[in-house]
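Read off the chains here:
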Amino acid sequence: MSAPWRGSRGLLPEAPRLLVERAHEELIAGNLDDRRLQEVRPLVRESWVRSWRGRVGPEGLPPLELHAAELDEYRRAHPLASAMDLIRALLLPGSAEDTGVVVAVGDQAGRLLWIEGDAQLRSLTDGMGFVAGANWSEAAVGTSAPGTALALGESVQIRGAEHYNRLVHPWSCSAAPVRDPETQRVLGVIDITGGPEVVTPQARLLVDATARAVESELLVARLRTRAEAPRSRPAPTRPRASATARARLHVLGRDRARLEVESAHEESVVELSARHAAILLMLAVHRQGLSAERLCELVYGPDVSPDTLRPEMVRLRKVLERTAPDLVPESRPYRLPAALETDAHDVLSLLDRGAHRVALTAYRGPVLPESPSPGVEEFRDTVRAALREAMLSEASLDVLLAYADIPEGQEDVEVLRLALEMLPARSPRRAGLVTRIERAVGGPA
């Protein structure tokens, strides 16, 4: 696969290089009112001023803060370590030694942890201190894509002379912060450094998309870890005084939902009955609340008296009072007083963000597959339809093929035919798809 940087167009708008360089000289001299500074992009000008006021030197190498064994140990424990294969696959396809760019991944403090990519370029960028263990925050080197992206909490592109440090003027870079998918705390930064091709709109989109993909993969890894945890744990025997930090309901591919509750000091897991699972899921889906009549209809079906629901609500409240007091439903209308996350909503959120591969990984099967509750059946169909539509309209070939291997896609003729159309003419997978289509339609494909 060729590198995504080749043949890029649409370069970042820039002021003439000579004007930027002279504006930079005036700023370093303390002439903050010089008219030439007004010709510099506001994002860059504001970063220059922060750097100047922070007494950052306009030349010199960045401080090397992590060395050898210390760096290796820190990298192994860093949250982004598990995402490096994904980052390489997205930003360094093919031979990493001949990509024309350098890819760096740093921590939330701006310290570079991994630097990979074009071997020739890396030998040149080493000369400006762009090495693993070096601090590239704004406070250390002034305006740069990784440091300024961390300072602003958003993706940033810096071209040539826009860098605060004169040693970096031969280079351009794009960077995006990576956040914890649940707390939104910044975990680190992804940067691409090279020539003008790394400050195109396409380059920014790619770096942004890579950061979002990493966040999605981190989320799915956590979901998988939780799903593979022991199915039951001792539950507290008394209500907790502290507020519930997080509550999650696992309903994908499970006939009996699992409720996980985490607080600052403990974690509990309870397996719910089918009826309690349906009630909680409906309250999680309808966050605004439901009347007794409507909740009864969603759980039991039409023409059932709300009197049937009320004793079940009493039993559910007793379960929640022991394990998740913050989730005990309010009445008139019935609603949850605290947020309840579900693994099904995670899949929908990932699809909305375009993380199709990660969404497919997180999809562990239909929502409460054996539940006859009308509301559950409707939500089950919603999740299944959203996944299928994303696969048909937006997914890449490898994701579509993966979808065709799960029960929902195995006999879906439209999915199989689309995958067949997308496959190269000489692909060995074509014969298998043709056979599956013929089996599904009862005749030649």
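Per an unreviewed UniProt entry, the recorded name for the chain is GAF domain-containing protein, and the organism is Microbacterium paraoxydans.

Each pair of packed helices gets described by two things: the angle between the helix axes and the distance between those axes. Running from N to C, helix α2 (residues 42-53) and helix α7 (residues 145-152) cross one another at 90°; their axes reach a closest spacing of 12 Å. Relative to α7, the element α2 is oriented roughly perpendicular. Within the contact between the two elements, α2 uses L43, S47 and R50 and α7 uses T148, A151 and L152. Classifying every residue of the contact of α2 with α7 by side-chain character gives three nonpolar, two polar and one charged.

In this section: the packing of helix α9 (residues 274-285) against helix α10 (residues 292-300). Between α9 and α10, whose axes approach to 10 Å, the crossing angle comes to 130°. Considering the angle they form, α9 stands oblique to α10. As α9 runs across α10, the sense of the crossing is right-handed. Along its contact with α9, which presents R275, A278, I279, M282 and L283, the element α10 presents L295, L298, V299 and Y300. Residue composition of the contact of α9 with α10, by class: eight nonpolar, no polar and one charged.

What follows deals with the packing of aromatic side chains. Within the structure shown, the criterion is met by one aromatic pair. Across from the ring centre of Y74, 5.1 Å away, lies the NZ or CZ of R111, which sits over that ring.

The next thing to look at is the pattern of salt bridges. Across all of its chains, the model carries 28 salt bridges by this definition. The salt bridge partner of E330 is R335, with a shortest N-O separation of 2.7 Å. Of the residues examined, E330 reaches a relative accessible area of 34% and is grouped as partly exposed. Taking relative accessible area as the criterion, R335 reaches 27% and is therefore assigned partly exposed. Look at the salt bridges and you will find they share partners, linking E26, D34 and R36 into a network.

With nine of nine residues buried, strand β5 (residues 186-194) is to be regarded as a mostly interior element. Bridge analysis of strand β1 (residues 102-107) against β5 gives six bridges, and the strand direction is antiparallel. Paired with G106 across the two strands is V189, which belongs to β5. Taken together, strand β4 (residues 172-179) and the strand that follows it, β5, pair antiparallel across an intervening segment of six residues, in which Q184 is found at a positive phi of about 70°.

The next subject is the environment of E65. In this fold, E65 is placed in the loop between α2 and α3 (68-77). We classify E65 as partly exposed; its relative accessible area is 34%. Discounting residues that sit within four places of it in the chain, E65 has contacts with E70, R111, G133 and N135. Engagement of the side chain of E65 in a polar contact is seen with the side chain of N135, the distance being 3.0 Å.

Attention shifts here to the pairing of β1. Most of β1 sits inside the fold, with six of its six residues counted as buried. Burial along β1 is two-sided: V102, A104 and G106 facing one way and V103, V105 and D107 facing the other are all buried. Pairing between β1 and strand β2 (residues 112-117): five bridges, direction antiparallel. Looking at β2, one finds that A104 is bridged to I115. With antiparallel pairing between neighbouring strands as the criterion, β1 and β2 make up a hairpin whose turn holds four residues, including G110 at a positive phi of roughly 95°.

Here is what the cut-offs are and how they apply
Residues numbered from 1 in each chain as written. Predicted model: local features only at pLDDT ≥ 70, side-chain atom pairs only at ≥ 80, totals over all residues. Heavy atoms only, no water. Axes fitted to C-alpha atoms, helices over the stretch in contact; angles between N-to-C directions. Helix = DSSP H or I, 4+ residues; strand = E, 2+ residues; numbered from the N terminus. Parallel < 35°, antiparallel > 145°, perpendicular 65-115°, else oblique. Contact = heavy atoms within 4.5 Å. Nonpolar A, V, L, I, M, F, W, Y, C, P; charged D, E, K, R; others polar. Left-handed = near helix turned anticlockwise from the far one by under 90°. Phe/Tyr/Trp six-rings, centres within 6.5 Å; stacked < 30°, edge-to-face > 60°. Lys NZ or Arg CZ within 6 Å of the ring centre and 35° of its normal. Salt bridge = Lys/Arg side-chain N within 4 Å of Asp/Glu carboxyl O. Buried < 20%, exposed > 50% of the residue type's maximum accessible area, 1.4 Å probe, protein only. Pairing = 2+ DSSP bridges. Polar contact = N/O pair within 3.5 Å; in protein donor to acceptor, adjacent residues only side chain to side chain.

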